[in-house]
Amino acid sequence: AQRVTQPEKLLSVFKGAPVELKCNYSYSGSPELFWYVQYSRQRLQLLLRHISRESIKGFTADLNKGETSFHLKKPFAQEEDSAMYYCALVPGGGADGLTFGKGTHLIIQP
Amino acid sequence: DTAVSQTPKYLVTQMGNDKSIKCEQNLGHDTMYWYKQDSKKFLKIMFSYNNKELIINETVPNRFSPKSPDKAHLNLHINSLELGDSAVYFCASSQRGSDTQYFGPGTRLTVL
């Protein structure tokens, strides 16, 4: 069975500092990887997916198959980035739903 | 023009009751899901469903059952509610299983 690990439950950085939220996964095949964000009391929304290779709100994530990682990065944090961030995967071509990591609560201090 | 909607937004009920949460999507998607977010913010898939197949997470008690009257709706029925069922339940949909999922606003269920 697949697994997603986000080692940091809470990450606090100052505004303007770089941010890296870690995500590692285990899956024997080729998964689809995603980052979802949940702002306070709002619905989850997609931030990034690895196949699109685009930057959203200044965030990027690179899939490293060798290290089975999909870390989320932003060079300069902004206060509005404070939220819960979830890394998730779907088995390639599967309809099993997303397997989420336990989430990282990112707090950007002024 | 809400893409994925859920009702009710809040649900407070007594132990032992039976309740339903409704979900509708107007995106024309083929696959719908239910997720549970517990008090620690952990998110876990409960069900995924398209017209042909229902996939049930084996850890979900059989008191929970999804019902799909048509492709745009996937309702969640819960029998004999227990205290541990208190959580936020999110509905989601996607065009295909591996595509981006769009989430509803969540239903906060409190069992007293």
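Reference entry: report on the structure contained in this document.

**What to know about the sheet that holds strand β8 (residues 75-78) of chain B**
Residues and elements named next belong to chain B.
Phase 1: Read from one edge of the open sheet, 4 strands run β1-β3-β8-β7, paired in antiparallel fashion. A strand with exactly one partner marks an edge of an open sheet, and here the two such strands are β1 (4-7) and β7 (64-67). Taking the axes of each pair of neighbouring strands and ignoring which way they run, one obtains an average angle of 20° across the sheet.
Phase 2: Bridge count between β7 and β8: 4 bridges; the pairing is antiparallel. Note on β8: the bridge partner recorded for Phe64 is Ile78.

**Overview of the packing of aromatic side chains**
Phase 1: Under the criterion given, the structure shown has 11 aromatic pairs over all chains.
Phase 2: Judged by centre distance (5.6 Å) and plane angle (80°), the ring pair of Phe100 of chain A and Tyr35 of chain B falls under edge-to-face. Taken as a pair, Phe100 of chain A in strand β10 (residues 99-100) and Tyr35 of chain B in strand β4 (residues 31-37) lie in two separate chains rather than in one.
Phase 3: Of the residues examined, Phe100 of chain A reaches a relative accessible area of 9% and is grouped as buried.
Phase 4: For Tyr35 of chain B, a relative accessible area of 0% translates into the label buried.

**Quick word on a positive patch on the surface**
Phase 1: Together, Arg3, Lys9 and Lys102 of chain A together with Lys40 of chain B give the surface a local cluster of positive charge.
Phase 2: For Arg3 of chain A, the position within the fold is in strand β1 (residues 3-5).
Phase 3: Judged by its relative accessible area of 59%, Arg3 of chain A is exposed.

**Digging into the state of the cysteines**
All names here are of chain A.
Phase 1: This structure, assessed with the given rule, holds 2 disulfides over all chains.
Phase 2: Two residues, Cys23 and Cys87, share a disulfide whose sulfurs are 2.0 Å apart. Here the S-S torsion is close to -65°, and the disulfide linking Cys23 with Cys87 is therefore left-handed. With a gap of 64 residues between them, Cys23 in the loop between β3 (19-21) and β4 (24-26) and Cys87 in strand β9 (residues 83-90) connect regions that are remote in the sequence. In this pair, the class of Cys23 matches that of Cys87, namely buried.

**What about unusual backbone geometry?**
Phase 1: Residue Thr7 of chain B is joined to Pro8 of chain B through a cis peptide bond whose omega torsion reads -5°.
Phase 2: In this fold, Pro8 of chain B is placed in the loop between β1 and β2 (10-13).
Phase 3: A positive phi angle, close to 50°, is found at Lys57 of chain A, a residue other than glycine.
Phase 4: Within the secondary structure, Lys57 of chain A is located in the loop between β6 (45-49) and β7 (60-61).
Phase 5: The residue Ser80 of chain B is not glycine, and still its phi comes out positive at about 50°.
Phase 6: Within the secondary structure layout, Ser80 of chain B lies in the loop between β8 and β9 (87-94).

**Some words on the interface of chain A and chain B**
Phase 1: With 20 residues of chain A at the interface, the matching set in chain B holds 21 residues.
Phase 2: Interface area for chain A against chain B, summed over the two sides, is near 1,900 Å², with a carbon-plus-sulfur share of 56%.
Phase 3: Across the contact surface, chain A and chain B share 0 salt bridges.
Phase 4: In this assembly, chain A and chain B are joined by 8 residue pairs in polar contact (both at pLDDT 80 or more).

Parameters and conventions
Residues numbered from 1 in each chain as written. Chains lettered and ligands numbered in written order. Predicted model: local features only at pLDDT ≥ 70, side-chain atom pairs only at ≥ 80, totals over all residues. Heavy atoms only, no water. Pairing = 2+ DSSP bridges. Helix = DSSP H or I, 4+ residues; strand = E, 2+ residues; numbered from the N terminus. Axes fitted to C-alpha atoms, helices over the stretch in contact; angles between N-to-C directions. Phe/Tyr/Trp six-rings, centres within 6.5 Å; stacked < 30°, edge-to-face > 60°. Buried < 20%, exposed > 50% of the residue type's maximum accessible area, 1.4 Å probe, protein only. Patch = residues over 30% accessible without salt bridge, like charges linked within 9 Å, V, L, I, M, F, W, Y side chains within 5 Å. Areas by Shrake-Rupley, 256 points an atom, 1.4 Å probe, with all protein chains shown as cover. Salt bridge = Lys/Arg side-chain N within 4 Å of Asp/Glu carboxyl O. Lys, Arg positive; Asp, Glu negative; His and termini not counted. Charge placed at Lys NZ, Arg CZ, Asp CG, Glu CD. Disulfide = S-S within 2.5 Å. Contact = heavy atoms within 4.5 Å. Buried area = accessible area lost by both parts, 1.4 Å probe. Polar contact = N/O pair within 3.5 Å; in protein donor to acceptor, adjacent residues only side chain to side chain.

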